[in-house]
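Observations on chain architecture
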Protein chains: 2
Amino acid sequence: MQKAPHWVIFALQMKKGMFRSHNCGELRLSHQGKQVVLSGWIQASRDFGGMTFIDLRDRYGITQLVFNIDDDQALCEEARKLGREDVVKISGKVRERSNKNPNRSTGDIEIEVDTLQVLNKSKVPPFTIEDDTDGGDDLRMKYRYLDIRRNPVKESLIFRSKLALETRSYLNSEGFVEIETPVLIKSTPEGARDFIVPSRMNPGQFYALPQSPQTFKQILMVAGMDKYFQIVKCFRDEDLRADRQPEFTQIDCEMSFVTREDILNTFEGLTKHLFKSLKNIELEDFPRMSYDEAIRLYGSDKPDTRFEMQFVELNEVVQGHGFSVFDNAELVVGICAQGQAGRYSNKDIKKLTEWMQRPQIGAKGLIYVKFEKDGTIRSSIGKFFDDEALKKWGEKMGATTGDMLFILAGETEKTRKQLNELRLEMGRRMNLTRPDDFKPLWVLDFPLLEWDEESERFHAMHHPFTSPKKEDQEKMLSGDHETMKSLRADAYDLVINGAEIGGGSIRIHDRSLQSRNFDLLGFTKEEAEEQFGFLLGAFEYGAPPHGGIAFGFDRLCAVMNGQSSIRDYIAFPKNNMGKDMMIDAPAHIDKDQLDELNLELKLTE
Amino acid sequence: MQKAPHWVIFALQMKKGMFRSHNCGELRLSHQGKQVVLSGWIQASRDFGGMTFIDLRDRYGITQLVFNIDDDQALCEEARKLGREDVVKISGKVRERSNKNPNRSTGDIEIEVDTLQVLNKSKVPPFTIEDDTDGGDDLRMKYRYLDIRRNPVKESLIFRSKLALETRSYLNSEGFVEIETPVLIKSTPEGARDFIVPSRMNPGQFYALPQSPQTFKQILMVAGMDKYFQIVKCFRDEDLRADRQPEFTQIDCEMSFVTREDILNTFEGLTKHLFKSLKNIELEDFPRMSYDEAIRLYGSDKPDTRFEMQFVELNEVVQGHGFSVFDNAELVVGICAQGQAGRYSNKDIKKLTEWMQRPQIGAKGLIYVKFEKDGTIRSSIGKFFDDEALKKWGEKMGATTGDMLFILAGETEKTRKQLNELRLEMGRRMNLTRPDDFKPLWVLDFPLLEWDEESERFHAMHHPFTSPKKEDQEKMLSGDHETMKSLRADAYDLVINGAEIGGGSIRIHDRSLQSRNFDLLGFTKEEAEEQFGFLLGAFEYGAPPHGGIAFGFDRLCAVMNGQSSIRDYIAFPKNNMGKDMMIDAPAHIDKDQLDELNLELKLTE
């Protein structure tokens, strides 16, 4: 035991003002006997007779400190005064623990402390800094700096950082150039609402924050940059639903001289790389499905394909037998819930029916057929159809003994949406939506235009720059109104586990086709010119064929971790009123600031 | 010569709709005989008798295409109709060039074209797409998509992308986590002007765009994230000088449990890594200089140390000899321009003096002493001082035969600024500021506070969160007004070749010290609480000692390439009126949009 050198080293460290020789997650048995300096937060403290044990925490882990009252009474008493979340710097010697903790990377050792310096005191935190905290959402947001100290939030932010790094490394290796597009751009009323920014230097004029860098990335293709990407903040002034944020992040990409195939392959490659490098999961090749098929089989353009339970249309077999609910329905469609016949009592069915009848879903009723284990068939419409008929339905839907059918009837679009909700609910109840099971899917060939009855005009299903599929371009230039409804866009979405991760399209690169699209979307020539004149102009100077995609980065983080909420992947999220609870923004500003901007508040009572 | 297979391959490629098998920069002699598909822009076209040569360009390079009228007259005639910047797809066979071009990576080969498809026509561009263009600034900005096709701009954007990638890779390997901080924050009138964003959901309230993520990164340190970085857009609503942009990008960093030494080492390491990986330049260890020394020796806190020519103060030797200009001056200070004596005629000196007397510099006059090669000494103040005296000055300033002294006299601060301008001008004239010579320098120990005579208050030299040096903290808490002026901040700047690359400081992490600083800066308790209450609050829950730095990313790009303007490192820069000339932003918006935001324009005539 050489006492002297360890004090010499320590004195040198103190003189240099060094705060730590190691972090709280890295000491191992191999460091035994070493003199170290650590800094961190007091996680917990325990007194056992003459011994005080303290857990010292930093980003990297927790290290146990020991104070022995027989060795240094003053020091031990000082240690006993420390409270949760105080910040301290200690020096001491690494020794083997008698009572090892296999759940902690530093669990084999502890530090025999010889000096202690309090760097900053902490008030008692308003909630516990534990994986499961006692803090409610509002409190956690107000004290976000304490919330982030908790492992689940901290790890989410680190995951996000790694995901960004791997995304960049992959796209770079594929020849993409990351290019920053401007944040102060021009307002385009098409689409969602813009956030606007008054210009002081140009009185009466305004910038807008981008909802996406769409036109800029297309301009970069015209500029010959060939392969562009950016991990970029975008902004939408929408009434916020739960889990929407006014500012959100996209992996935004565009490529020149490509077909749909090139883009799907590149971004399937990226997605596989991200799952492999961050989760060590090897994804198989992504299946593909047309929009029409997705709607027909799942009632949704973002089906959760972790489980089958596909829709089966029954019009053919059920109609014309005198049951008016079916006979009058545009669509009769059902799903088969395997092995569920024995699990649904009449009471359970009543509750499920009520769940389907809530205004959020709006089903009129729910028809069931149970193929009981004992061979009997029970159904809510047994009065109208005999066992023979019901068996025929069962066959068509692939049902066997023990299975249960749920059937809805009504107007096609509504009925599909309702059955989609039921299918997802059954998937959850039957434990078919495991968070560690990942099922990606490309959905292809979306409609180009949606007819809006209310405003009596077409809307772009994706956005106004999306190209119709090659075979539909002639139709688009010359076709009539009805033809327009049938146009397919060269657009695609990536769906994972029922969540839309991203979407994109081959773009129009021809001025006349783009002008025609603006026409169809109800732009006057002047409006199109004022808002997108620069892009139409650019198309006249050698625009290459191009296309792209954007992934929702916040959503990707959450989905990859089987989470439904994006909040903990955002360091400082806003609440449903768009408020940052910690800094208390938005806030009132000085009248001087408004005056300088030539603006006046006009608040109504 | 097997004709058949090459058509088969081509047919397959066409069927797949593939736009290219290779890019325009990758074909070499080793590809000879290969059938390829290329897409790109027509750079140039030359007809020689029966042959037409076309340079096809994309991001990766230029490949020569050949059309022979004897082989395929129709094709060759079609090729002759192509104009500059038309976009085409061709297929053909790689063959060796008889007339090789060693300046081009593809210069050994050419493509014997067999099919040609025009993908998009181009109007005649308003300026030439060459390294040296004939386009003026305004035209280049309006047609930025054409400007970016030019090599210098394209390469600048690619350089920027690589610089970002290497920055991230280095900081990641050092344990930094990239965390996105919000863009919609709260306005803080301290510092430069904020851009503001009205909140529709919270009538009468406003967000502001961040001038820097300063408080958020400090909050992340309180949150225990330990090492944070972000390459992040920041915003300042300033009257734009040349080469300032309303939105700009920072490499923003913060670290916990660190001293100044840790931060300087980390970011010196980053800077060395960036020069090594992007420029293959090994920088030596960065010298350090105190702010006081920089001001005394160079008259600037960002000296260009590519050349010496340091200031020499002459009060001691020149005062008290009856020359009132010197005797009445607070400071007499000069520089020695080596070997320049023979180069400055009386007319040259007169012109230089006039240059110094321009209002931008404002010198009253310029005194010179020439030590001519023949041993004679000439000076504008030869009447007042004899050769003996002038020789003594020369010795003090290290002058030898052939050198020339320039001397200014006057009020200390102004005189130093004027001599700084002269020194830099002489450095340029004497070719001492080579763009490929890189001389980094840390400037340390800035004053904490600046007294502003006009507003009769202190301003923070760095920002209000900067810590005084440890030895000055007591003085700051208890000292009088005069003492405050002498406080040194634990702040540092990185300067390269006279450009400020970035700066940072150790921060205050103690509530009482931070409150005292707000006091000194003229904040009332209420103002401090309203604007920065969340940070003061956070300091009470275990804030660790921390510090950080931010590099100007646009500036770093320019300086590393020996450029003085940042414009070509920004894909879509704004002009001096904050306007984007391409998209024509800012612009007027609909009255509906203003109504929704409870705002009214109040324009004065």
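Treat the numbers as computed from the prediction; the structure is a model and nothing was measured.

On to the confidence of the model for chain A. Interpretation of this model should avoid reading the predicted coordinates in detail wherever pLDDT is low. When pLDDT is averaged across chain A, the result is 94; 97% of the residues are at 70 or more. With pTM at 0.95, the complex prediction returns an ipTM value of 0.94.

All names here are of chain A. On the secondary structure map, T466 appears in the loop between β19 (457-460) and α14 (473-478). For T466, a relative accessible area of 1% translates into the label buried. Each C-alpha atom, one on T466 and one on N517, is 9.0 Å from the other, the two residues being 51 residues apart in sequence. Ignoring any residue separated from it by four or fewer positions in sequence, one finds T466 in contact with L448, A489, A491, S505, I506, I508 and N517. A polar atom in the side chain of T466 sits 3.1 Å from the backbone oxygen of H463. Of note is the side chain of T466, whose polar atom sits 3.4 Å from the side chain of S505.

A word on the interface of chain A and chain B. Contact residues are listed per partner, giving 125 residues for chain A and 125 residues for chain B. Contact between chain A and chain B buries roughly 11200 Å² in total, counting both sides, with carbon and sulfur atoms accounting for 60%. In terms of surface lost to chain B, no three residues of chain A exceed E180(A), F257(A) and Y541(A), which account for 7% of the buried area on that side. Taken together, the connections running from chain A to chain B amount to 16 salt bridges. The shortest N-O distance in the salt bridge between E180(A) and R160(B) comes to 2.8 Å.

Our next topic: the relation of the copies chain A and chain B. Superposition of chain A onto chain B requires a rotation of 180 degrees combined with a translation of 0.0 Å along the rotation axis, giving an RMSD of 0.1 Å. In symmetry terms, the pair is related by a two-fold rotation axis. Comparing interface residues between copies, 100% of those in chain A also sit at the interface in chain B, which points to an isologous, same-surface contact.

About the cut-offs
Residues numbered from 1 in each chain as written. Chains lettered and ligands numbered in written order. Predicted model: local features only at pLDDT ≥ 70, side-chain atom pairs only at ≥ 80, totals over all residues. Heavy atoms only, no water. pLDDT = per-residue confidence, 0-100. Helix = DSSP H or I, 4+ residues; strand = E, 2+ residues; numbered from the N terminus. Buried < 20%, exposed > 50% of the residue type's maximum accessible area, 1.4 Å probe, protein only. Contact = heavy atoms within 4.5 Å. Polar contact = N/O pair within 3.5 Å; in protein donor to acceptor, adjacent residues only side chain to side chain. Buried area = accessible area lost by both parts, 1.4 Å probe. Salt bridge = Lys/Arg side-chain N within 4 Å of Asp/Glu carboxyl O. Least-squares fit on C-alpha atoms with pLDDT ≥ 70 in both.

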